Amino acid sequence: MKNYFIFILIAAIMNTGCSAQKNILAENVNASAKKQAIEDDVLQKLQSENDLVIAYAYENFAWVKSMNYFIVAQHNNEWKAYRYYKNLMPNNAGTPTSLTPVQADKTACDSLLNYMEENKAWTIHGDDKEKGYCADGNKDCNIYDAAGNRLWIITKDAALNPGYYAAEFYEECCPEKQRGLFVSIGKKIQAIVGDNSTE
């Protein structure tokens, strides 16, 4: 019986910690001057049903026009995960739009939340086009028709959506602190959701 109460106490402490981290993340997203509107119906629905939604997306506009999302969502300290493929081709040619629920590992999701709070993910500016993709002037980093990447951090009241073009390619070729954080968050989300294909 004593062990049972210890287990309950530990679980309560862990939930309190995750709630505090979620609250810090939400407060900073809600207070940000860079808030963005959510136009996607699926993301809007997930926002209405959850306290927090974190999504990493690949945007393909060159050949097969599509968005491929890896999503984790939290409601009442319970996590869910989804793969969301959005067909953007004319007349919906090709693979149809789909939203697929997948198993969410609570420990991995809590770890992601902790990582984002510790590293102040809400400060990622995204969009490095203004200063060039390589701030150090490395001209050997070139890629064309690659996918862009987006990170959605969505609370009940607001959303942030930083993005980078070919984030993993440019981060490997010419690392940059904020892009590196962006990519590491994306990899953590994909590890939780599974299936690293970018269709």
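Residues numbered from 1 in each chain as written. Predicted model: local features only at pLDDT ≥ 70, side-chain atom pairs only at ≥ 80, totals over all residues. Heavy atoms only, no water.

Enquirer: What's the story with the state of the cysteines in this structure? I'm lost.
Expert: Two cysteines whose sulfur atoms are joined by a covalent bond form what is called a disulfide. By the definition in use, this model includes one disulfide. Two residues share a disulfide in this structure: Cys141 and Cys173, whose sulfurs sit 1.7 Å from each other. Taking the sign of the torsion about the S-S bond as the criterion, the disulfide between Cys141 and Cys173, at about -85°, is left-handed. With a gap of 32 residues between them, Cys141 in the loop between α3 (106-118) and β5 (148-155) and Cys173 in helix α4 (residues 167-173) connect regions that are remote in the sequence. (Disulfide = S-S within 2.5 Å. Helix = DSSP H or I, 4+ residues; strand = E, 2+ residues; numbered from the N terminus.)

Enquirer: Would you explain the layout of surface pockets in this entry?
Expert: Taking a probe equal in size to a water molecule and rolling it over the atoms shows the remaining empty space. There is about 200 Å³ of room inside the largest pocket. What lines the largest pocket is a set of 14 residues, and nearest its centre among them are Lys34, Gln36, His125, Asn161 and Pro162. Partitioned by chemical class, the residues of the lining of the largest pocket number five nonpolar, six polar and three charged. (1 Å grid on protein atoms, 1.4 Å probe; cavity = no way out; pocket = protein on both sides within 12 Å on 5 of 7 lines; lining within 4 Å. Points joined across faces, edges and corners; volume = space filled by probe spheres on them. Nonpolar A, V, L, I, M, F, W, Y, C, P; charged D, E, K, R; others polar.)

Enquirer: Help me understand the nonpolar core, please; the structure alone is not making it clear to me.
Expert: Grouped burial of nonpolar side chains is what soluble globular proteins tend to show. Val72, Leu151, Ile185 and Ile189 are the most contacted members of the largest nonpolar core, which has 33 residues in total. For this core, the secondary-structure elements that each account for two or more residues are α1 (2-31), β1 (52-60), β2 (66-75), β3 (78-87), α3, β5 and α5 (177-193). Element by element, the count of residues in this core is highest for α5, at seven residues. Not counting chain neighbours up to four residues away, the residues in contact with Ile185 comprise Leu112, Tyr115, Met116, Ala121, Ile124 and Leu151. In terms of nonpolar packing, the next biggest core, distinct from the first, is built from 15 residues, Leu46, Val53, Ile71 and Trp152 among them. (Core = buried A, V, L, I, M, F, W, Y, C linked by side-chain atoms within 4.5 Å. Buried < 20%, exposed > 50% of the residue type's maximum accessible area, 1.4 Å probe, protein only. Contact = heavy atoms within 4.5 Å.)

Enquirer: Would you explain the packing of aromatic side chains in this entry?
Expert: The way to describe two aromatic rings as a pair is by their centre distance and the angle between their planes. Per the stated rule, a full pass over the model turns up seven aromatic pairs. On the numbers, 5.7 Å between centres and 85° between planes, the contact of Tyr56 with Tyr58 is edge-to-face. Consider the rings of Tyr164 and Phe182, whose centres lie 4.8 Å apart with planes at 70°: the pair is edge-to-face. Highlighted residues: Tyr164 in strand β7 (residues 163-165) and Phe182 in helix α5, separated in sequence by 18 residues. For Tyr164, a relative accessible area of 3% translates into the label buried. Among the residues examined, Phe182 registers a relative accessible area of 0% and is labelled buried. Site record: aromatic cluster; members linked through ring pairs are Tyr56, Tyr58, Phe70, Tyr164 and Phe182. Cation over ring: Lys188 sits above Tyr115, and NZ or CZ is 4.5 Å from the ring centre. (Phe/Tyr/Trp six-rings, centres within 6.5 Å; stacked < 30°, edge-to-face > 60°. Lys NZ or Arg CZ within 6 Å of the ring centre and 35° of its normal.)

Enquirer: Honestly, unusual backbone geometry in this entry has me stumped. Any pointers?
Expert: Keep in mind that most residues, glycine aside, have a negative phi and that most peptide bonds are trans. Phi at Asn76 is positive, roughly 50°, even though this residue is not glycine. Considering the arrangement of structural elements, one finds Asn76 in the loop between β2 and β3. On the basis of relative accessibility, which here comes to 56%, the residue Asn76 falls in the exposed class. Phi at Lys120 takes a positive value of approximately 50°, unusual for a residue other than glycine. When you line up the elements, Lys120 lands in the loop between α3 and β5.

Shape descriptors only; they carry no functional weight alone.
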